[in-house]
Structure formats: structure tokens, C-alpha cells
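Structural description and commentary
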Amino acid sequence: MTTKKTMLEVNNLKTYYQTRLGEKIRAVHSVSFKLYEGEIFGIAGESGCGKSTLAMSLSGLFLPPLKYESGSVFLEGDNIFKKDINYLRKEILGKKYSYIPQSAMNALNPTIKIKDFVIDLMKEHEPDMKEKEIIELTKNRFESLSLPSRVLNLYPLELSGGMKQRVVVAISTLMNPVVVAADEPTSALDVSTQKSVIQLIKELFDDGIVKSIIFITHELPVLRHICDRIAVMYAGEFVEVGKMEDVIFNPIHPYSQALMQSILVPEKGMKDKKLPSLPGSPPDLRKIPKGCRFADRCPLAIEECKKENVEMVSLDDRSVRCIRINHILTQGKKVTPYGTKY
Ligand SMILES: Nc1ncnc2c1ncn2[C@@H]1O[C@H](COP(=O)(O)OP(=O)(O)OP(=O)(O)O)[C@@H](O)[C@H]1O
């Protein structure tokens, strides 16, 4: 049992997109987890499985076509779904929960200097704060993060992609949010620039500016380097949640196993090896089949898997959504650096 403070508690969260044709795209389904103080929690899963929708939903602010269906989110003990939209905008978004979107680099307004962007943003939360104070605060934060404060006088166009991304991360965390959700913050960057963005995020965390992080990526090696725990998401659901080493080196859910085996490792002899790939595709989130959502692609699926919806089963330090868990655990697995073979 952990004694760490819970920063975020998500219970059975369900959210969906309402299409103009009246259909519901059920992007987040029955997601539950806790995020503790001092923790970096990774979310992995293939494109379209609902990672970004989950991170957006955690702010409590639902902009059409995204809609809330059911469940609760407690941020430092406060149920954010009980708050009104003005409170969420002023007191939660950016101040307690900061979502750094995938297209963060484009979040900056190209027509205004970085410093004016920061002033506008801060004024929304702290209308009485003087411009001079805002600039001072931003300069100090930039300097403490080894970011040149001269960029405040530049336009976004004058910055490289990596610098823009780092600036966005620094601005998004100016108000010391307790939870930061970084959504693929490095996916559009080259490897060395990726490293500098990750370093910046780690620094914010190590300096205690940010108390806990949700890190979304499909780049599993990145998760391996920074996360304490990982959730694997498939078709709107978490299918496995556990410690980073367990999920990456010894995954249990058949989908987690397939995901880990799909990692490209720069190893000798890899060139001649055939890359494992999963047959089929995830279910259409408008028409979710009964039973396990992965059943159609799962090498271990039996008739039972398609009959009832599958709940998460808790093991010691891990939870897994699979009715064949006993079969998997008793089969004796051969663990490989990135995955498990039978
Ligand atoms: N604005 C929208 N309107 C309708 N459907 C949407 C919208 N945004 C996302 N979706 C759908 O919701 C599902 C989940 O999308 P989401 O972007 O959350 O996945 P993701 O795991 O973050 O993918 P990626 O890694 O590619 O960003 C997908 O089926 C997607 O097509």
C-alpha cells in the first residue's frame, strides 16, 4: 500500500464525441487510476485509442464535440466535475492541471511576441497582476530552466521547433500546476531535441515545480526512461496498469505484449529479423463489440472472451483486463528485453 499523497483520482470515467450524424464515438471508457505525488505516469497505446481524449477530459472542460458521460475526477480531493466552467477556466486549467497538447508548438500566437502571449494568458488567471510582475516571473522561471529570457522578445516564427516546444512547456507550468499532462511532447522533434524537451520536463519535476506528470506517447523507449508506472490503453480502455519495468519487460495482457514486441531495438542482427505485427485493427469506437475489445486480434481469445465485458483484475502491483490471466500466468513466460514470448 502506498502512503504517497493522491494528486489525481479518476473513477470509471466515460467520455465521447457526439458526431453531427448523432453517433457517439466512445473514446474513453471506464478509465480508473490514481496519480500520486512525485510520480510520472505514462500512457501508451496505438494511435486513436483515446490517450489525448483522456488527458483533455481530465481538465473537466468539455468543448464540443467532446462530451462527458459518467465518472468522477478528483484533483487534490476536489471533484472537478462539480465545478462551473468559469471556475475551471480560472482556477483549474493551467493553475492546477495543465494539459500540454500534441500541437503545443502551434499553441503560440504567431502574430504576437512570446511575452505578450504570456501576459494575456496570466491575466486570465490573475487579472490584478501587473505586466512587469508577469515578465519578471517569466524571466526568472526561464532562467531557472536555462532557457534564454531573450526569447520573450521574439515572435514564435523566430524560434526553432525544439525551442518553441520548450517555451510552451515552460509557459504551461508557470503557475506551478500540481498535475501536468504532456501529450506526445516530443513526437514532432528530432532525437537530440526530444532529449532537451524531456530534460526540461524532468527538471520541472525534480525542482518540485510540478508535482506529478501524465506522459502520453507511443514512443515506448521514452516511457522507459522517465516513467514510474505505465498504463496501456486499447480502444478507449486501460488494459494493463503497472510499474514501468513490469509492463515493459514483463507485460501480461496480450495487447501489451504485442505493443512491447513492436518496439524497434537498435540491436545487431535486427535487420534480418521480421518485425512482429498485429493482425486486424482496433474496433470502431462507434460500435463497440460485446466482451473483450481486443478479442478479435488476440492469439489467446476463446469464445468466453466475446461474451461479457471484461473488468480489470488486480494482481500485486498491477491490474490487467483479461479473463485469460490465469492461463497466461501459469504458462511460464520467456521474457525478452522488450516483451514476452510463449
Ligand atoms: N474532434 C473529434 N471528433 C470526433 N472524433 C474524434 C475527435 N477527436 C478524436 N476523435 C476520435 O476519438 C478517438 C480517440 O482519439 P484520440 O485522439 O484521443 O486518440 P489518441 O490515442 O490520442 O491518438 P493519437 O496518438 O493519434 O493522438 C479516435 O477514434 C478519434 O478518431
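In the annotation of an unreviewed UniProt entry, the chain is listed under the name Oligopeptide/dipeptide ABC transporter ATPase and assigned to Defluviitoga tunisiensis.

A word on the overall build of the chain. When helices and strands are counted, the chain shows 10 helices and 14 strands. Here the C-alpha radius of gyration of the chain, 21 Å, is about what a compact globule of 342 residues would show, namely 20 Å. Overall, the chain is about 65 × 50 × 45 Å in size when its C-alpha atoms are taken along their principal axes. Taken over 342 residues, the chain has a buried fraction of 39%.

What follows covers the packing of helix α3 (residues 114–125) against helix α4 (residues 131–144). The contact between α3 and α4 brings their axes to 10 Å, and the two run at 115°. The angle between α3 and α4 falls in the class roughly perpendicular. Of the two elements, α3 crosses α4, and the hand of that crossing is right-handed. Along its contact with α3, which presents K115, V118, I119 and M122, the element α4 presents E131, I134, I135 and T138.

Before going further, it helps to spend a moment on the sheet that holds strand β6 (residues 97–100). Taken in spatial order, the 8 strands make up an open sheet running β6-β7-β8-β3-β9-β10-β12-β11, and their pairing is mixed. The strands lining the two open edges of the sheet, one partner per strand, are β6 and β11 (313–314).

A separate point is the site of the ligand. Close to the ligand lie 15 residues, the nearest being Y17, S47, K51, S52 and T53. Elements represented by at least two residues in the shell around the ligand include exactly β2 (24–36) and α1 (51–57). Ranked by the residues each element gives to the shell around the ligand, the list is headed by α1, at 3 residues. For the shell around the ligand, a count of residues per class yields 6 nonpolar, 8 polar and 1 charged.

It is worth spelling out the sheet that holds β2 at this point. An order of β2-β1-β4-β5 is seen for the 4 strands of this open sheet, with the pairing classed as antiparallel. At either margin of the open sheet sits one strand with a lone partner, and together these are β2 and β5 (78–79). Across 2 bridges, strand β4 (residues 66–75) lies against β5 in antiparallel orientation. Of the residues in β5, the one forming a bridge with F74 is N79.

What counts, and where the lines are drawn
All chains use their own residue numbering, which begins from 1 and follows the written sequence. Thresholds applied to this predicted model are a pLDDT of at least 70 for local features of residues and 80 or more for the giving and counting of side-chain atom pairs; totals over whole chains, interfaces and linings are not thresholded and use all residues. Helix and strand definitions here come from DSSP, where helices need a minimum of 4 consecutive H or I residues and strands a minimum of 2 consecutive E residues; each element is numbered from the N-terminal end. Computation of the radius of gyration draws on C-alpha atoms alone. For the globule rule, the value is 2.2 Å times the number of residues to the power 0.38. Here the C-beta atoms are placed from the backbone, and a residue counts as buried if at least 20 other C-beta atoms lie within 10 Å of its own, exposed if 12 or fewer do, and partly exposed otherwise. Think of each axis as a best-fit line through the C-alpha atoms, taken over the contacting stretch in the case of a helix, with angles from 0 to 180 degrees between the N-to-C directions. Note on terminology: angles under 35 degrees are roughly parallel, angles over 145 are roughly antiparallel, angles of 65 to 115 are roughly perpendicular, and the others are oblique. Rotating anticlockwise by less than a right angle from the far helix to the near helix defines a left-handed crossing, while the corresponding clockwise rotation defines a right-handed one. Note on contacts: each residue gets a C-beta atom placed from the backbone, and two residues are in contact if those atoms are within 7 Å. For two strands to count as paired, DSSP must find a minimum of two bridges between them. Nearness here is judged by the C-beta atom: place it from the backbone, and if it falls within 6 Å of a molecule or strand, the residue counts as near that partner. Ten residues, namely Ala, Val, Leu, Ile, Met, Phe, Trp, Tyr, Cys and Pro, are considered nonpolar, four, namely Asp, Glu, Lys and Arg, are considered charged, and the remaining ones, Gly among them, are considered polar.

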